[in-house]
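Geometric and topological summary
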Amino acid sequence: GQQVMQIPQYQHVQEGEDFTTYCNSSTTLSNIQWYKQRPGGHPVFLIQLVKSGEVKKQKRLTFQFGEAKKNSSLHITATQTTDVGTYFCGWLTGGGNKLTFGTGTQLKVEL
Amino acid sequence: NAGVTQTPKFRILKIGQSMTLQCTQDMNHNYMYWYRQDPGMGLKLIYYSVGAGITDKGEVPNGYNVSRSTTEDFPLRLELAAPSQTSVYFCASNLEGLAAEQYFGPGTRLTVT
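Residues numbered from 1 in each chain as written. Chains lettered and ligands numbered in written order. Predicted model: local features only at pLDDT ≥ 70, side-chain atom pairs only at ≥ 80, totals over all residues. Heavy atoms only, no water.

**Some words on the sheet that holds strand S6 (residues 55–58) of chain A**
Residue and element names in this part refer to chain A. Heads up, the condition is: When DSSP locates at least two bridges between a pair of strands, those strands are taken to pair. Strands are runs of DSSP state E lasting at least two residues, helices are runs of H or I lasting at least four, and both sets are numbered from the N terminus onward. Only the stretch in contact is used when a helix axis is fitted, and all axes are lines through C-alpha atoms; the angle between N-to-C directions ranges over 0 to 180 degrees.
The strand order across the open sheet built from 5 strands is S1-S3-S8-S7-S6, with neighbouring strands paired in antiparallel fashion. At either end of the open sheet lies a strand with only one pairing partner, and these are strand S1 (4–7) and S6. Neighbouring strand axes in the sheet, compared pairwise and without regard to direction, differ in orientation by 10° on average.

Right, dumping it as structure tokens:
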């Protein structure tokens, strides 16, 4: 069956360093969504990628969807304390009837 | 717009008790969802609805029930609370289904002891 892993589970960085989280699938994905959840908060949608090789940018955030649509990454350039939180990927399964979420990458940013 | 609102914010239940988690959205969204999030884990879909009067099971529906009598409201019912239902519950909604941005409510933190 399909297996999707989100790595790393945790990441501590110094403010100003870069950060990347990955979602890697054993099978082709139809789409991938990224969400951010601040500590004690609720998930907030960041972006959806659907095309092979797609790259989208939002200020310091860069999202990529691999050519084979089996992996995706979220890269933050020059992290700030406001980037603290858990980043989740989500992908459609069950013929498009279900959105499954990864276990998330918890980012901590130290001054 | 208030967006998606959930009540209560916190609740402690004893084993075997029942309760309803309320969810309301004022964005006229057709699709609504209930998720649970266990510590350190991702979200798991409990139930969803594609419109008033239509509901369907998600990944982890056992122990829960839902109804959708109006576009705005999507309550989640726990009939016989069990410790395994200790979790944070999020309601979400959107216009276009799972392949589109979902708007989440602030969550209900439930403890069953």
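**Notes on the interface of chain B and chain A**
Put simply, the test is: For this analysis, residues touch if any pair of their heavy atoms sits within 4.5 Å. Once two parts are put together, the accessible area they lose, assessed with a 1.4 Å probe and summed over both, is termed the buried area. Definition used for salt bridges: Asp or Glu carboxyl oxygen within 4 Å of a side-chain nitrogen of Lys or Arg. For this analysis, a polar contact is any N or O atom pair within 3.5 Å, provided that within protein one partner can donate a hydrogen and the other can accept it, and provided that sequence-adjacent residues contribute only side-chain to side-chain pairs.
Contact residues are listed per partner, giving 17 residues for chain B and 18 residues for chain A. Between chain B and chain A, roughly 1,500 Å² of surface is buried when both sides are summed, and carbon and sulfur atoms account for 59% of that area. Summed over the three residues of chain B that lose the most area to chain A, namely B:Leu43, B:Leu98 and B:Phe104, the buried surface amounts to 32% of that side. For the pair chain B and chain A, the interface holds 0 salt bridges. Linking chain B with chain A are 2 residue pairs in polar contact (both at pLDDT 80 or more). Counting residues per element, the ones that place at least two in the side of chain B that touches chain A are strand S4 (31–37) and strand S5 (43–51) of chain B.

**As for the side chain of A:Gln6**
All names here are of chain A. Condition: Burial classification: accessible surface area is computed with a 1.4 Å probe over protein chains only, and a residue below 20% of its type maximum counts as buried, one above 50% as exposed, and the rest as partly exposed.
Looking at the element boundaries, Gln6 is found in strand S1. With relative accessibility at 6%, the residue Gln6 sits in the buried group. There is a polar contact of 3.4 Å between the side chain of Gln6 and the side chain of Thr21. Among the polar contacts listed, one links the side chain of Gln6 to the backbone oxygen of Tyr87, at a separation of 2.6 Å. When near neighbours in sequence (up to four residues on either side) are disregarded, Gln6 contacts Thr21, Tyr22, Cys23, Trp34, Tyr87, Phe88, Cys89, Gly102, Thr103, Gly104 and Thr105.

**As for the pairing of strand S7 (residues 61–65) of chain A**
Residue and element names in this part refer to chain A. Counted residue by residue, S7 has 4 buried out of 5 residues, so it is predominantly covered. Examined bridge by bridge, S6 and S7 share 4 bridges and lie antiparallel to one another. Looking across to S7, one finds that Gln58 is bridged to Leu61. Turn length for the S6-S7 hairpin, with the two strands adjacent in sequence and antiparallel, is 2 residues, and the turn residue Lys59 shows positive phi of about 55°. Sheet analysis places S7 next to strand S8 (residues 71–76), joined by 5 bridges and oriented antiparallel. Following the sheet pairing, Gln64 is matched in S8 by Ser73. Following S7, the chain reverses through 5 residues before pairing antiparallel with S8; Lys69 in that reversal takes a positive phi of roughly 55°.

**Structural notes on the pattern of salt bridges**
Considering all chains together, one arrives at 5 salt bridges over all chains under this definition. In this structure, the salt-bridge partner of A:Glu54 is A:Lys56, at a minimum N-O distance of 3.5 Å. On the basis of relative accessibility, which here comes to 30%, the residue A:Lys56 falls in the partly exposed class. B:Asp38 is the salt-bridge partner of B:Arg36, the closest N and O atoms lying 2.9 Å from each other.

**Topic: the state of the cysteines**
All names here are of chain A. The cut-off we apply is this: Whenever a pair of cysteine sulfur atoms sits within 2.5 Å, that pair is classed as a disulfide.
Counting across every chain of the model gives 2 disulfides over all chains. The residue that forms a disulfide with Cys23 is Cys89, at a sulfur-sulfur distance of 1.7 Å. Between Cys23 and Cys89, the S-S torsion sits near -85°, and that sign places the bridge as left-handed. On the criterion of sequence distance, the pair formed by Cys23 in strand S3 (residues 19–25) and Cys89 in strand S9 (residues 85–93) is long-range, its members being 66 residues apart. Of the two residues, Cys23 and Cys89, both sit in the buried class.

**Re the environment of A:Phe65**
Residues and elements named next belong to chain A. Residue position: Phe65 is located in strand S7. In sequence terms Phe65 and Gly104 are 39 residues apart; their C-alpha atoms lie 17 Å from each other. The contact partners of Phe65, leaving out residues within four places of it in the chain, are Leu29, Ser30, Asn31, Ile32, Leu49, Val50, Lys51, Ser52, Gly53, Glu54, Asn71 and Ser72.

**Considering the packing of aromatic side chains**
Between two aromatic rings, the relevant description is the distance of the centres plus the angle of the planes. Rule in force here: Centre distance within 6.5 Å is the pairing criterion for rings of Phe, Tyr and Trp, where only the six-membered ring of Trp is used; planes under 30 degrees apart are then read as stacked, over 60 as edge-to-face, and the remainder as tilted.
One pass over the full model with this rule turns up 9 aromatic pairs over all chains. Taken together, a centroid distance of 5.6 Å and an interplanar angle of 85° make the contact between A:Phe101 and B:Tyr35 edge-to-face. One end of the pair, A:Phe101, is in strand S10 (residues 98–101); the other, B:Tyr35, is in strand S4, on a second chain. Classification of A:Phe101 by relative accessible area gives buried; the value is 8%. Counting every residue linked through ring pairs, the aromatic cluster contains A:Tyr35, A:Phe45, A:Phe101, B:Tyr33, B:Tyr35, B:Phe90 and B:Phe104.

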